[in-house]
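Here is what each chain is made of, one letter per residue.
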2 protein chains.
Amino acid sequence: MATIEEVARAAGVSTATVSRALRQQPGVSERTRQRVRTVAEEMNYSISRSASGLATGRTRRVGVLVPFVSRWFFGQVLAGAEEVLRSAGYDLMLYVVGDEEGRERFFRELPLRRSVDAVLVLTLSLSTEESDRLRELDVPLGFVGGRMDGFNSVWIDDHGGGMLAVRHLLNQGHTDIAMIHGGAPDALNLPAPHERCTAFRDAMAEHEIPVRESWLGTGDFSVSGGRRAMNRILADELRPTAVFAMSDEMAFGAMHALRNHKIHVPGEIAIVGFDGHEMSECSGLSTVVQPVRQEGGTAAKLLLEQLEQGSTETRDVVLPTELVVRSSTTGDDSM
Amino acid sequence: MATIEEVARAAGVSTATVSRALRQQPGVSERTRQRVRTVAEEMNYSISRSASGLATGRTRRVGVLVPFVSRWFFGQVLAGAEEVLRSAGYDLMLYVVGDEEGRERFFRELPLRRSVDAVLVLTLSLSTEESDRLRELDVPLGFVGGRMDGFNSVWIDDHGGGMLAVRHLLNQGHTDIAMIHGGAPDALNLPAPHERCTAFRDAMAEHEIPVRESWLGTGDFSVSGGRRAMNRILADELRPTAVFAMSDEMAFGAMHALRNHKIHVPGEIAIVGFDGHEMSECSGLSTVVQPVRQEGGTAAKLLLEQLEQGSTETRDVVLPTELVVRSSTTGDDSM
DNA sequence: ATGAAAGCGCTAACAG
DNA sequence: CTGTTAGCGCTTTCAT
């Protein structure tokens, strides 16, 4: 593999000139630049990022932290971020820290130390120690899924989105509304889901409708969890007429449970989800759509801007949500 | 950020000793090793991978190529690979090359050249030029989704799996069987899907049942594509009594189409998918399960083995599939 | 506009 | 067992 020195020799110039020419830096005549480029191309030269990184201190890589890659939501956010980073010429180092062990190890060893120019944290709730540890890295930081001091933050109005969903049910005349939430707030949980819960209670309070505790279920943000939660709710002596699921995947699970019980949606029970999962459309699920890919992309952009400007100033962006009404709450299409 | 030299000075030894001590190399007394470790820890030292990489030529990083991250299947395979790589102490550089533009750019610039120790290609069908380009990298190569010369390859018996599915339908007495395939073979398509098609024809031939061309639909491997394909098939003058979808996601789409048409599954039309998608269980979809995460994990392992041994010998592994029968073909659970 | 030379932080002989 | 030293391939003054 050709080195810069070989290219320099072949082109009859110094390594400094090659370096300048290839990086579009000023101070090289157009003729020389062309020649260097041609020679480099012919020799199939490619820069050693290690050497370049060592010399400059910049790596042109950004580290991306995600709890999972195997769930729809995270895959989408990651895809959005990846696209932006890639087209800016940055490489992406992926760290999946969903399990406690991997997470602990990651923050202990911090394998990305000195090997990324910036870090992007995707919908992963960090403890104070963890976020401090990242701040110590002294590189631009980005965060998706909430507000975070010292991080360029991108999030959606979860409370507003939740209100949208619940008010929609209320407007349909429902008063007996169940809720399927993600689960007990733990290290993985973000403010976001919690906001959606609060929205539920607030919207209910707005209409002075009491919340029935046995209609609140934990769905673990998974399809099967949603199904279990729905079954548990159905086991109550009273049956709700509507359900607000805090993620579409849980809503899908709930819908399956209802189908098993031969309960008609929306006739007997209406259901609304949250996310805008690709399958919500053909499932006929009403849902609060959030711009998932854009959340990742925007965070990446903020990071890049900070990187270019070398500033320490972080920015916050709130992205919009939108209620999409389908047959699971109105029944007026043919589903 | 502390350098090795500062650590050396603080510990009262040479940089060489620090280097040896920290990398568990022989030739350092236990006392010294301990002291160095303590000092390094106190100073919050962490190695510069750039410097280390430059000196050794090894990066402890592996590049992973995927067409998408935002689809279930790819997310799973990636997750499997990531886990293995991480626990072996390798960092993962992610390259998403699903779109033609990004792909073209990737293979032209080969950003991972000189910055990874190995490359893993996940279910991405490579042209001859593309795979040659990777071979030129002269690092261990891995491939998931088919056999590939010069690559450690991991795949499943797609033909056998397809036979499993179709024979299952035939054994239920079906003769009027439709098929929803991924689409025209293009750059993204792998041998795998094609094998499943062949299996369909072979199984039908086995029973001397002619294939009705208007019952073959293109579903683009997506949920909505599966729905469209099913609708097109239903537009035929004759209606099949069973459908073989080459992915679960397309099967989901097809099931939704059937529901819209008020066609009972499996009573009027039975359906079997392929993959073992997490949602197949609660959808009651019969499917050919493949060990998705394991495919990624196994490929990563093969790669690591080759890396450790420094050998040039690649290995092939075929992973098993299994037919899981649910209500979409038998109707004997309560779905 | 171009080149010479001094690092960047680490590892790997080679000595001792 | 430990230290000295010469790079690894690039970038960046500082000269010319």
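Every chain is numbered independently, its residues counted from 1 as its sequence is written. Going through the entries in the order they are written, you letter the chains from A and number the ligands from 1. Thresholds applied to this predicted model are a pLDDT of at least 70 for local features of residues and 80 or more for the giving and counting of side-chain atom pairs; totals over whole chains, interfaces and linings are not thresholded and use all residues. Derived side-chain values reflect all non-hydrogen atoms in the structure, with water molecules and hydrogen atoms excluded from consideration.

- Chain A is annotated in an unreviewed UniProt entry as Transcriptional regulator, LacI family from Actinopolyspora mzabensis.

1. Section: the protein's contact with DNA strand C
Next up, step 1: A single heavy atom is enough: if one lies within 4 Å of a molecule or strand, its residue is considered near that molecule or strand. In the region of DNA strand C, 27 residues are neighbours, and Ser14(A), Thr32(A), Ile4(B), Ser19(B) and Tyr45(B) sit closest.
Next up, step 2: For DNA strand C, the backbone makes up 68% of the atoms found within 4 Å of the protein, where backbone means sugar plus phosphate.
Next up, step 3: Distance and chemistry together define a polar contact, namely a pair of N or O atoms within 3.5 Å, with one atom able to donate a hydrogen and the other to accept it when in protein, and with adjacent residues in sequence counting only for side-chain atoms on both sides. One of the backbone N or O atoms of Ser14(A) is found 2.7 Å from a phosphate oxygen in DNA strand C.
Next up, step 4: Separating a phosphate oxygen of DNA strand C from a backbone N or O atom of Ile4(B) is a distance of 2.2 Å.
Next up, step 5: Looking at the surface near DNA strand C, the elements with two or more residues in it are helix H2 (15-22) and helix H4 (49-56) of chain A together with helix H2 (15-22) and helix H4 (49-56) of chain B.
Next up, step 6: Only Asp, Glu, Lys and Arg are considered charged, only Ala, Val, Leu, Ile, Met, Phe, Trp, Tyr, Cys and Pro nonpolar, and every remaining residue, Gly among them, polar. Counted by class, the surface near DNA strand C contains eleven nonpolar, twelve polar and four charged residues. Strands here are runs of E lasting at least two residues and helices are runs of H or I lasting at least four, both read from the DSSP assignment and numbered beginning at the N terminus.

2. Details of the domain arrangement of chain A
Where interface size is given, it is often the accessible area lost as the parts come together that is meant.
Residue and element names in this part refer to chain A.
Next up, step 1: In this entry, domain limits derive from an automatic or database-based domain assignment. By the assigned domains, chain A splits into domain 1 (4-56), domain 2 (61-156 + 292-319) and domain 3 (158-290 + 323-330).
Next up, step 2: In this structure, domain 2 and domain 3 have C-alpha centres spaced 29 Å apart.
Next up, step 3: Only heavy atoms matter for contacts: two residues are in contact if any of them lie within 4.5 Å across the pair. Contact with domain 2, which involves 15 residues of that partner, is made by 17 residues of domain 3.
Next up, step 4: When domain 2 packs against domain 3, close to 1,300 Å² is buried across both sides, 58% of that on carbon and sulfur atoms.
Next up, step 5: When the buried area of domain 2 at its contact with domain 3 is split by residue, Trp72, Ser125 and Ile156 rank highest and sum to 47% of it.
Next up, step 6: When a carboxyl oxygen of Asp or Glu is within 4 Å of a side-chain nitrogen of Lys or Arg, the pair counts as a salt bridge. Applying the counting criterion to the domain 2 and domain 3 interface returns zero salt bridges.
Next up, step 7: At the level of secondary structure, the elements contributing two or more residues to the side of domain 2 that touches domain 3 comprise helix H5 (72-87) and helix H13 (292-309).
Next up, step 8: Partitioning the side of domain 2 that touches domain 3 into residue classes produces eight nonpolar, four polar and three charged. By convention, the term buried area covers the 1.4 Å-probe accessible surface removed from two parts as they join, with the contributions of both added.

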